[in-house]
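Each chain is listed here by its residues.
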Amino acid sequence: MSEVKRQLKIKTGSVRRLAKEVVMYKKDEQTETDRVSRMKAAGGDPSDIKHAEQVLAEAAMMVPDTRQRLETALADLQQCLSQSSKVQESEEHQQAKQTASEAEAVLA
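This report concerns the structure included in the present document. (Residues numbered from 1 in each chain as written. Predicted model: local features only at pLDDT ≥ 70, side-chain atom pairs only at ≥ 80, totals over all residues. Heavy atoms only, no water.)

1. Remarks on the overall build of the protein
When its secondary structure is counted, the protein shows three helices and zero strands. In the protein, the succession of helices and strands from N to C terminus is α-α-α. At 19 Å, the protein has a C-alpha radius of gyration far larger than the 13 Å of a compact globule built from 108 residues. For the C-alpha atoms alone, the extent of the protein along its principal axes is close to 65 × 20 × 15 Å. Within the protein, buried positions represent 32% of all 108 residues. Across the protein, every contact between residues at least 6 apart in sequence was considered, and the portion connecting residues at least 24 apart equals 75%. For the protein, the computed accessible surface area is about 7000 Å², with 52% contributed by carbon and sulfur atoms. Here the protein holds 17 positive side-chain charges and 18 negative ones, and the gap between their average locations is 5 Å. (Helix = DSSP H or I, 4+ residues; strand = E, 2+ residues; numbered from the N terminus. Rg over C-alpha atoms; globule rule 2.2 N^0.38 Å. Buried < 20%, exposed > 50% of the residue type's maximum accessible area, 1.4 Å probe, protein only. Contact = heavy atoms within 4.5 Å. Areas by Shrake-Rupley, 256 points an atom, 1.4 Å probe, with all protein chains shown as cover. Lys, Arg positive; Asp, Glu negative; His and termini not counted. Charge placed at Lys NZ, Arg CZ, Asp CG, Glu CD.)

This is the structure in structure tokens:
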């Protein structure tokens, strides 16, 4: 496998993984927000609510960090795509283009 195809495959995998992580962390944040709201509405124990709010804060911190890493990885992949004119017809190139467009949709 040529070095260009190898790099495309590695960068595509990274972008795909980070896109999944962004979606997962957003989902976790929403789940924790709902959990805290339910606990407050039910008049739960203040220490349990405080702990749940800390978990929510940790989940909320992960979204911007992972989003930034995805943006960086996506820019790196797009740069690699623009420089890989020799392998434009390869399967790796097509997968990389598709993954890049899916990641852009996640960031939107």
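2. Some words on the pattern of salt bridges
What the rule picks out here adds up to eight salt bridges. Here Glu-21 ties to Arg-69 by a salt bridge, and the two come within 3.3 Å at their closest N and O atoms. With Glu-21 in helix H1 (residues 3–41) and Arg-69 in helix H2 (residues 46–83), this residue pair connects regions lying 48 residues apart in the sequence. Owing to a relative accessible area of 19%, Glu-21 belongs among the buried residues under this scheme. Its relative accessible area of 35% is what places Arg-69 among the partly exposed residues. Put simply, Glu-32 and Arg-35 hold a salt bridge, and the shortest N to O gap is 3.0 Å. Here the residue Glu-32 and the residue Arg-35 both occupy positions in helix H1, the gap between them amounting to three residues, near one helical turn. (Salt bridge = Lys/Arg side-chain N within 4 Å of Asp/Glu carboxyl O.)

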